[in-house]
Amino acid sequence: MDRDVVVNIENVTVRYHHFEAVKNISFDVKKGDVIALIGANGSGKTTLIKALLGLLRVSQGTIWKADGLQIGYLPQNTSLQDRFFPATVEEVVSIGLLAKRKFPKFLNRDDRKKILQTLDMLRIPHLLKKRIGELSGGQQQRVLLARALVSAPEILILDEPTSALDHSMRKHFFEIVKKLNEKLNITVILVTHDIVSAGDYINRVVYLDQVIKFNDTFDAFCEHPELSPFVHTHPLKHTEGVKS
Amino acid sequence: MSFIDPWLDVIDAIFRYQFLLRAIIVGLMVAISSSLIGSFLVLKKFSMIGHGLSHVAFAGIAIGLWLDQTPLLVTVPIVVLVSVFILKLNQSVKLHGDSAIGLTAAFAMALGTILASTSGGFNVDLYSYLFGSILAVSQLDLYISIGFSAIVVITVVLFYHDFYAMTYEEEFAKVSGVKTARLNTILAILTGLAVVIGIRVIGTILISALIIFPTVIATQFNRGFKGTMIIALVSSMVLVLVGLITSIRYDLPSGSNIVVVNGIVFFAIYLYNTIRKLSQN
Ligand SMILES: Nc1ncnc2c1ncn2[C@@H]1O[C@H](COP(=O)(O)OP(=O)(O)O)[C@@H](O)[C@H]1O
Ligand SMILES: [Mg+2]
């Protein structure tokens, strides 16, 4: 049986002024997919994701999303820059719960429990009352993942989520994503360089370089004569055990 | 005479003379609304809009005096409209935030000065609007400030979480369904109101300080967002009170005095934190 399509991207082009960041992009996301979106820096991954989220207007083509699709979003390296912003971990994660909600938006006891459970799952419950600026990059990344997860989304969109994590955290991170995908059937779009760590449960690789250069299974990607070096020569593969 | 007596006389006078009581109430309204709005503006790194609007308020007052109308009533729509205008300029790709504010401020100041000179120069009235004057607080000013700060407080409480989410990370808030465009417009309008409330007691020149200082003082305490806002609110009220009472006691310009009190407290706390950090290392 064919699984439901939850996102359909049809011939999409996104421009910044006259510069075409991505061109003629078409692909479907089906329920339960784990899609790795890869490509060099500047190849248009973040642009495509922002268009999908409605943050950027598409200049051409259409993006269709299933009605009422609940999206959990982990942006690329944001909020990590301002160390002095006064917000506790609980307050940051609460955005993921309350921003979506109808008026009035106040935390109740259930919400607090959900926040704590999500932090628990990510092994950082003790950080609840800490100010986010005091945390390490890896801890902040997990807090932002908690913010994306806390509302129990149907699809997770993660833009380079492991860039600030060390190797063991990275493995743990991918295990969590895998579990979410297998147990709760959450669809995942994963922008990553670390396709090796993520490999065994990715069911599709989309390789982007302004246009889509490749869109097939992980195995097919590994056997591809021109693209497979991306897997084998990628520096992250050789950093096992090294803290980044 | 003891040290205390003159201060007791001041307190006594505040309750005996209507205009002093009015000034105190208006002062507290300024403290409340500008600190609440200031928390969002400062943490959004958009607090210079207060500075820009204070110049626009000056032009508004000059226009009001020139037209021989109640200056504050003329100023309200002008400041609110320009506030929204600056926001839109800021969002247009071709103009960055601080340049939008800078050119608006300079233009308004120039316009205000021209109007003032054609109507006989900087008279006493205009001067009192520039630096604030507690003697000049009228019954109308009192009603305007109470009404406007009620609007500010109610809006901020009702939409607290949306304002906070947008301040923390606008894109994420937008993705989550927060109507950020509308919310930014509301924030611009409230900023306009907060600036206008401050004109009588603080004066147009110094009002932006009351938008910035409370939040900057509060962030020194390392709390979360809500905690920081509450500290900003309380410290703003206390410092405005202290500033007003000392200005009555020593017959100093009220606006300047309030700003100086804020400045001293900020530097004291900053110094304390720095010394403590150094002694820990
Ligand atoms: N706001 C912007 N304005 C103009 N050009 C941009 C903007 N954001 C990204 N770009 C350009 O678009 C291209 C794709 O960027 P991006 O989507 O961030 O790539 P990636 O996420 O794959 O590293 C790059 O050449 C980048 O310089
Ligand atoms: Mg990117």
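Rules used in this analysis
- Here the residue index of a chain counts from 1 through its sequence in written order.
- Chains and ligands are labelled sequentially in the order written, the chains with letters from A and the ligands with numbers from 1.
- Reporting in this predicted model follows two pLDDT cut-offs: at least 70 for local features of residues, and 80 or more for side-chain atom pairs to be given and counted; totals over whole chains, interfaces and linings ignore these cut-offs and use all residues.
- The basis for every side-chain value is the complete set of non-hydrogen atoms in the structure, without hydrogens or water.
- Secondary structure elements follow DSSP: runs of H or I no shorter than four residues count as helices, runs of E no shorter than two count as strands, and numbering proceeds from the N terminus.
- Per-residue accessibility takes into account occlusion by the displayed protein chains alone, with areas from the Shrake-Rupley method and a 1.4 Å probe.
- Donor atoms: N, O and S within 2.8 Å of the metal, or within 3.2 Å for Na, K and Ca. Because water is excluded, sites can look incomplete.
- Type-normalised accessible area, obtained with a 1.4 Å probe on protein chains alone, sets the label of each residue: buried when under 20%, exposed when over 50%, and partly exposed for intermediate values.
- We call two residues contacting when some pair of their heavy atoms lies within 4.5 Å.
- Where each domain starts and ends follows an automatic or database-derived domain assignment.
- Two parts placed together each lose some accessible area under a 1.4 Å probe, and adding up what both lose gives the buried area.
- A carboxyl oxygen of Asp or Glu within 4 Å of a side-chain nitrogen of Lys or Arg is what we treat as a salt bridge.
- Pairs of N or O atoms within 3.5 Å make up the polar contacts considered here, provided that, within protein, one atom can donate a hydrogen while the other can accept it, and that residues adjacent in sequence are counted only when both atoms are side-chain atoms.

Counting its regular elements, chain B contains 13 helices and zero strands. For chain B, the sequential pattern of α-helices and β-strands runs α-α-α-α-α-α-α-α-α-α-α-α-α. In terms of principal-axis extent, the alpha carbons of chain B reach across some 65 × 55 × 35 Å. Working note: accessible area of chain B is about 12500 Å², and carbon and sulfur atoms make up 71% of it.

This brings us to the coordination of the magnesium ion (ligand 2). Looking at the magnesium ion (ligand 2), the protein donor atoms are Thr46 of chain A (OG1) and Gln76 of chain A (OE1), and they sit 2.0 to 2.2 Å from it. Remark: glutamine 76 of chain A occurs in the loop between β5 (71-74) and α2 (89-98) and threonine 46 of chain A occurs in helix α1 (residues 45-53); sequence separation between them is 30 residues.

Let us look at the environment of tyrosine 129 of chain B. Residues and elements named next belong to chain B. Its location among the elements puts tyrosine 129 in helix α6 (residues 124-131). Taking relative accessible area as the criterion, tyrosine 129 reaches 7% and is therefore assigned buried. Considering only alpha carbons, one finds tyrosine 129 and leucine 158, 29 residues apart in sequence, at a separation of 32 Å. Excluding its chain neighbours within four sequence positions, the residues that come into contact with tyrosine 129 are Ile61, Pro71, Ile199, Arg200, Gly203 and Thr204.

Before going further, it helps to examine the domain arrangement of chain A. All names here are of chain A. When cut into domains, chain A gives domain 1 (1-69 + 154-244) and domain 2 (77-152). Domain 1 and domain 2 are separated by 24 Å when their C-alpha centres are compared. Contacts between the two partners involve 14 residues from domain 1, matched on the other side by 12 residues from domain 2. Taken together, the two surfaces of domain 1 and domain 2 that pack against each other cover about 1000 Å², and 69% of this comes from carbon and sulfur. Along the contact surface separating domain 1 from domain 2 lie zero salt bridges. Here domain 1 is connected to domain 2 by three residue pairs in polar contact (both at pLDDT 80 or more). Where the side of domain 1 that touches domain 2 is concerned, the elements lending two or more residues are β6 (155-159) and α5 (167-184). Counting residues per element, the side of domain 1 that touches domain 2 draws most heavily on α5, at five residues.

Here arginine 147 of chain A shows up in helix α4 (residues 137-149). Of the polar contacts made by the side chain of arginine 147 of chain A, one reaches the side chain of glutamate 169 of chain B; its length is 2.9 Å. Ignoring anything within four residues of it in the chain, the contact list for arginine 147 of chain A reads Pro75, Val92, Val93, Ile95 and Gly96 of chain A together with Tyr168, Glu169 and Phe172 of chain B.

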